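Structural features, examined
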Amino acid sequence: MSFTLAIVGRPNVGKSTLFNRLVGKRLALVDDQPGVTRDLREGEARLGDIRFTVIDTAGLENATDESLPARMRRLTERAVDMADVCLFLVDARAGILPDDMVFAEILRKRAAKVILGANKSEGSAADAGVIEAYSLGLGEPMRISAEHGEGMNELYSMLLPIDEEFQARAAQDVPETEVDVDEDEDPDAPRPITAEKPLQIAVVGRPNAGKSTLINQIIGEDRLLTGPEAGITRDAISVQKEWGGVHMRIFDTAGMRKRAKVQQKLEKLSVSDGIRAVKFAEVVVVLLDAAIPFENQDLKIADLAEREGRAVVVAVNKWDIEDEKQEKLRDLKEAFERLLPQLRGAPLVTVSARTGRGLDRLQAAIIKAHDVWNRRIPTAALNRWLGDMVERHPPPAPQGRRIKLRYMTQAKTRPPGFVVMCSLPDKLPESYSRYLVNGMREDFDMPGTPIRLTMRGQGDKNPYKGRKKKNAGALKKHLGSLPKAKD
């Protein structure tokens, strides 16, 4: 059992920089521009021998209406309520501003325990700001520098008593249990989905497709920041949920626009963070807008997931506002098969993130796509199937030499990868490989999942190939073998 530490403060005081230092990775986006962080990001932190959960929050702004800063403030106040300890950061170089006084009063009323940290305290230029921080009435300010790692020992000393208290409480509450270890576990078997290792899902799409709203509907709470503005999400935020009895970790990603339109450095970082989430996911949900589905950017995003070898599920959002649903669904399926042939047979699900309709079908499609992605086919069945496919449609014979497909086996899963041993692998056309891949999708019930097919030659086993031919006659060979006469 560990405690939770929320880092709060005004925009641009160094909260995300300190978050990255505590988790030991560059998870949160950091930029000189204020207001980069908008959602709550959690991470497993380590400081010496202390392990705890740290929450990076949006910068507190003095707004209470329905604007974007006000919605960000409500999320931060929610993090304050759920955290065991709040680390209130102020900028020692800028000094104490009126907003700092307002937020200090809020923390004094709502937070269970508050630690005051004066960030950017390296050098003598911050001395005046550190002394001024005493006026907040939150105790002695702790001088730290998140950028240079100064003051971490002082932070450790402040957190150590809290950690000891939680460890003592955990020792009283948790009974001792024995863990059975299965020594005969197959290392190549599909990974079991548990709370410690949940199913990884990334939700990607263009801006304003409804990704954050969909995830909020799945988890049943307003965990992610949403609104009518496009491009609200910046960081790839993960939330964990047991959905339909299956433990899942769902990543909300920033909307991906066309590369030519992405000019600002911050948006480039956001898109890179979303691509990274796709690479670490097992199943990728490509979310489309029902009003403008299968735009060119949608096709590029789906193709990215396929090239990365992820299981793909296509979901069409905002289905509740469609009038001609049957006709629209027929057009969507036709466009899907025509524009994304590399994802032939992938699930196409219609959902409404606002009302929650269709989420049960989406969950079932995700589970099925994950099962297909982990599927392993016996070698005997593969070779019987390969013989039937070759008999039905033999491979071509370039320059009169017939290509022989001798043997086939499955080399890997996640995604399924197959190797075919054949003669002249470099002469086999790409069209014949597609013929085999499409046949596997139909005959082995593997719709939509990326299939990797590799043609490999067995090598020429002729021992005389490449040896220089000698034109010696039979008489010369005989004379050369006779012993020479002595004088």
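Everything that follows concerns the structure shown earlier in this document.
Looking only at helices and strands, one finds 13 helices and 15 strands in the protein. Counting across all 487 residues of the protein, residues that qualify as buried make up 48%. When the accessible area of the protein is evaluated, it comes to approximately 26,200 Å², of which 48% is carbon and sulfur surface.

On to the pattern of salt bridges, then. Summed over the entire model, instances satisfying the criterion amount to 23 salt bridges. Asp273 is the salt-bridge partner of Arg41, the closest N and O atoms lying 3.4 Å from each other. With Arg41 in strand 2 (residues 41-47) and Asp273 in helix 7 (residues 265-280), this pair connects stretches of sequence that are 232 residues apart. The salt bridge involving Arg78 is made with Glu221; its shortest N-O contact spans 2.1 Å. With a gap of 143 residues between them, Arg78 in helix 2 (residues 68-82) and Glu221 in the loop between helix 6 (211-219) and strand 8 (237-243) connect regions that are remote in the sequence. The exposure class of Arg78 is partly exposed, given its relative accessible area of 27%. The exposure class of Glu221 is partly exposed, given its relative accessible area of 37%. Within the structure, one salt-bridge network assembled from shared partners comprises Arg73, Glu77, Asp81 and Arg110.

Turning next to the packing of aromatic side chains. The way to describe two aromatic rings as a pair is by their centre distance and the angle between their planes. With the rule as written, the count across this model stands at five aromatic pairs. Seen from their ring centres, Phe294 and Phe336 are 5.9 Å apart, and the 20° between their planes marks the pair as stacked. With Phe294 in the loop between strand 10 (283-289) and helix 8 (296-307) and Phe336 in helix 9 (residues 325-339), this pair connects stretches of sequence that are 42 residues apart. As far as the burial class goes, Phe294 and Phe336 line up, both buried. Members of the aromatic cluster, each reached through a chain of ring pairs, are Phe3, Phe52 and Phe166. A cation sits over an aromatic face here: Arg169 above Phe166, 4.7 Å from the ring centre.

Reported here for the largest pocket is a volume of approximately 1,000 Å³. Along the wall of the largest pocket there are 28 residues; nearest its centre are Glu42, Gly43, Ser238, Arg249 and Phe251. Contributions of two or more residues to the lining of the largest pocket are made by strand 2, strand 3 (50-56), helix 2, strand 8, strand 9 (246-252) and helix 7. The element contributing the most residues to the lining of the largest pocket is strand 8, with five residues. Each pocket or cavity is described by its volume, and for the second largest pocket that value is around 600 Å³. Along the wall of the second largest pocket there are 28 residues; nearest its centre are Gly14, Ser16, Thr17, Val30 and Asp31. Looking at side-chain class alone, the lining of the second largest pocket contains seven nonpolar, 12 polar and nine charged residues.

Let us now look at helix 1 (residues 15-23). Each α-helix turn comprises 3.6 residues. Residues three or four places apart therefore point the same way. With eight of nine residues buried, helix 1 is to be regarded as a mostly interior element. Listing the buried residues of helix 1 in full gives Lys15, Ser16, Thr17, Leu18, Phe19, Asn20, Leu22 and Val23. Once helix 1 finishes, Gly24 follows within two positions and takes phi at roughly 80°, a positive value.

Once that is clear, we can look at the sheet that holds strand 6 (residues 142-143). Spatial ordering of the open sheet is given by 2-3-1-4-5-6, a layout of six strands whose pairing is mixed. The sheet terminates laterally at strand 2 and strand 6, the two strands that pair on one side only. Relative to strand 3, strand 2 runs antiparallel, the two sharing seven bridges. If you follow Ala45 over to strand 3, its bridge partner there is Phe52. Contacts between helix 1 and the sheet are confined to strand 1 (4-9), strand 2, strand 3 and strand 4 (85-91), with strand 2 contributing the most and set at about 55° to the helix.

Within a sheet, neighbouring strands are paired by backbone hydrogen bonds and run either parallel or antiparallel to one another. The mixed open sheet is built from six strands, whose spatial order is 8-9-7-10-11-12. This sheet does not close on itself; its edge strands, each paired only once, are strand 8 and strand 12 (348-350). Averaged over all adjacent pairs, the angle separating strand axes in this sheet is 25°, with direction ignored. Taken together, the seven bridges between strand 8 and strand 9 define a ladder with antiparallel strand orientation. Note that in strand 9 the partner of Glu242 across the bridge is His247. On top of the sheet, helix 9 reaches strand 11 (311-317) and strand 12; it is set at about 150° to strand 12, its chief contact. Strand contacts of helix 10 (residues 359-373): strand 7 (199-205), strand 8, strand 9, strand 10, strand 11 and strand 12, with the helix running at about 165° to strand 11, the strand carrying the most contacts.

This part takes up empty space enclosed by the protein. Tallied over the full model, the rule gives four cavities of 30 Å³ or more. The calculated volume of the largest cavity comes to roughly 60 Å³. Among the secondary structure elements, those contributing two or more residues to the lining of the largest cavity are helix 2 and helix 3 (98-110). At four residues, helix 3 tops the list of elements feeding residues into the lining of the largest cavity. Its residues placed into classes, the lining of the largest cavity shows five nonpolar, one polar and two charged.

This paragraph deals with the environment of Gly9. Here Gly9 lies in strand 1. By relative accessible area, which is 0% here, Gly9 ends up buried. In this structure, the C-alpha to C-alpha distance between Gly9 and Gly117, residues 108 residues apart in sequence, is 9.8 Å. Residue contacts for Gly9: discarding those within four places in its chain leaves Lys15, Ala58, Gly59, Leu60, Phe88 and Leu89.

Here we take up the pairing of strand 9. Counting buried residues along strand 9, five of its seven residues qualify, which places the element largely inside the surrounding structure. Alignment of strand 7 against strand 9, held across five bridges, turns out to be parallel. Bridge pairing in strand 9 places Leu199 opposite Met248. Where strand 8 hands over to strand 9, the hairpin turn is made up of two residues, of which Gly244 adopts a positive phi near 65°.

Conventions used here
Residues numbered from 1 in each chain as written. Predicted model: local features only at pLDDT ≥ 70, side-chain atom pairs only at ≥ 80, totals over all residues. Heavy atoms only, no water. Helix = DSSP H or I, 4+ residues; strand = E, 2+ residues; numbered from the N terminus. Buried < 20%, exposed > 50% of the residue type's maximum accessible area, 1.4 Å probe, protein only. Areas by Shrake-Rupley, 256 points an atom, 1.4 Å probe, with all protein chains shown as cover. Salt bridge = Lys/Arg side-chain N within 4 Å of Asp/Glu carboxyl O. Phe/Tyr/Trp six-rings, centres within 6.5 Å; stacked < 30°, edge-to-face > 60°. Lys NZ or Arg CZ within 6 Å of the ring centre and 35° of its normal. 1 Å grid on protein atoms, 1.4 Å probe; cavity = no way out; pocket = protein on both sides within 12 Å on 5 of 7 lines; lining within 4 Å. Points joined across faces, edges and corners; volume = space filled by probe spheres on them. Nonpolar A, V, L, I, M, F, W, Y, C, P; charged D, E, K, R; others polar. Pairing = 2+ DSSP bridges. Contact = heavy atoms within 4.5 Å. Axes fitted to C-alpha atoms, helices over the stretch in contact; angles between N-to-C directions.

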